[in-house]
Amino acid sequence: KAFIISGLFAFGTFSLPHSTDGYGHPFEAIFILLSFLFIINASHEADTSKSKIYIILAGSFIGIGILFRITTLLAIPGILILLASRRASSYLLLGIIPGIILVAWYNWIKTGSPFDTGYLLAWQVANPNLAIQTGFNIYDIPANATSLWISPGKGMLLFSPLLLLSLIAWPSFMRKNPRLSASIATVSLTYTFFYAANFAWHGSPWCWGPRYLVPIVPLLIIVLCELNIRSNKKRLLVFSILIISILTQMLAISVDYRRYLITIYENTPSAFESNDILYEPSLSPLLGQTRA
């Protein structure tokens, strides 16, 4: 079952095209997943000393993850749910601190401040007309969170339909794994709401799907271990979604998806300026990629 689920993650989610895109999100996903693995191992370890080592290693993976993307820290609230005590949380922090110090030093060298990643400045340089202060607005969360999951140009459930099966399996998974399910839900919601509040919630129209949500995909795929397909009707639904999910990713890697976006930009540049490329169904990269 574990091998099947891993295969579905590899070939049935938009993590496949993102594995060659050059963004740091796949690395972010790997180290968050490793952190979960070692914390779960710690919870099943009878030897207290080994358990402490596992938790410190879990923290160190988060620390390594933030070397690729500082947003790896968003996983911490969910990870803390898996830890049984404050002492265990302190061991986790012990593993994270070296990574935080290294990133702060790098930021200081790069921007003159340990707290400034240069991210906002980079967007302003690339978009001189962009009038932003902090880059975050909580009032944008409802609309942008919805767009992250179901919009024609960026919707997670459209670019990774396999996650619909995770929603179906969620009630059963939650009953059997209450603490783990709470942890996964917290990480998923934290990522969704954090980026939904950001002015660049879409991660640019030039990437495939909502790239900022790549790190939560493997966690949500784990939920499939409790998917029940005993009834014929449910089996038909499940296999239909599986086929659609895999075909969607095959479409994404068969032809460079930026080819379609460049065509739209050449013919209708206003589609990018107005964000119609994100919201207009007829301009969806999924349809354009199918034609390509």
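It should be emphasised that the depicted structure is a prediction, and the values quoted were computed from it without experimental measurement. (Residues numbered from 1 in each chain as written. Predicted model: local features only at pLDDT ≥ 70, side-chain atom pairs only at ≥ 80, totals over all residues. Heavy atoms only, no water.)

### Re the overall build of the protein
The cut-off we apply is this: Only DSSP runs of H or I reaching four residues or more are called helices, and only runs of E reaching two or more are called strands; each is numbered from the N terminus. Just to be clear, the radius of gyration here is over C-alpha atoms, and the globule rule we use is 2.2 Å times residues to the power 0.38. Only protein chains enter the accessibility calculation, which uses a 1.4 Å probe; a residue whose area is less than 20% of its type maximum is buried, one above 50% is exposed, and one in between is partly exposed. Any pair of residues with heavy atoms lying within 4.5 Å of one another is described as a contacting pair. In these tables, accessible area is a Shrake-Rupley quantity obtained with a 1.4 Å probe, and a residue counts as shielded only by the protein chains included in the view. All tallies of charge rest on Lys and Arg as positive and Asp and Glu as negative; His and the ends of each chain are not included. To locate a charge, the coordinates of NZ of Lys, CZ of Arg, CG of Asp or CD of Glu are taken.
The helix and strand tally for the protein stands at 17 helices and zero strands. Taking 292 residues into account, the globule formula puts the C-alpha radius of gyration at 19 Å, and the protein, at 20 Å, falls close to it. Seen along its three principal axes, the alpha-carbon backbone of the protein occupies a region of about 65 × 60 × 35 Å. Residues counted as buried form 46% of the 292 residues belonging to the protein. The contacts of the protein with a sequence gap of at least 6 include a subset with a gap of at least 24, amounting to 74%. Looking at the protein as shown, the accessible area adds up to about 15200 Å², and 67% of this sits on carbon and sulfur atoms. If the 19 positive side-chain charges of the protein are averaged to one point and the 12 negative ones to another, these points end up 15 Å apart.

### Observations concerning helix α6 (residues 86-111)
Using the following cut-off: Expected helix span is given by 1.5 Å per residue-to-residue step, counting one fewer step than there are residues. The bend at a residue is defined as the angle formed between two axes, one fitted to the seven residues ending at that residue and one fitted to the seven starting there.
Spanning 26 residues, α6 covers 35 Å between terminal C-alpha atoms, matching the ideal 38 Å at 1.5 Å per step. Along its length, α6 reaches its greatest deviation from straightness, about 35 degrees, at isoleucine 96, and the proline proline 98 lies no more than four positions downstream. Every buried residue of α6 is listed here: Ala88, Tyr91, Leu92, Gly95, Ile96, Gly99, Val103 and Asn107. On its buried face, α6 sits against α3 (25-43), α4 (48-68) and α5 (76-82). Residue glycine 112 follows α6 closely and has a positive phi angle near 90 degrees.

### Remarks on the environment of valine 187
Topologically, valine 187 is positioned in helix α11 (residues 178-196). In this structure valine 187 comes out as buried when scored by relative accessible area, which is 1%. When the C-alpha atoms of valine 187 and arginine 175 are compared, they prove to be 18 Å apart, with twelve residues separating the residues in sequence. Here valine 187 is in contact with Phe36, Ala75, Gly78, Ile216 and Leu219, once residues within four sequence places are set aside.

### A few points about helix α8 (residues 141-150)
Every buried residue of α8 is listed here: Ile141, Asn144, Ala145, Ser147, Leu148 and Trp149. Residues of α8 that are buried make contact with α9 (156-159), α10 (163-176), α11, α12 (217-222) and α16 (276-279).

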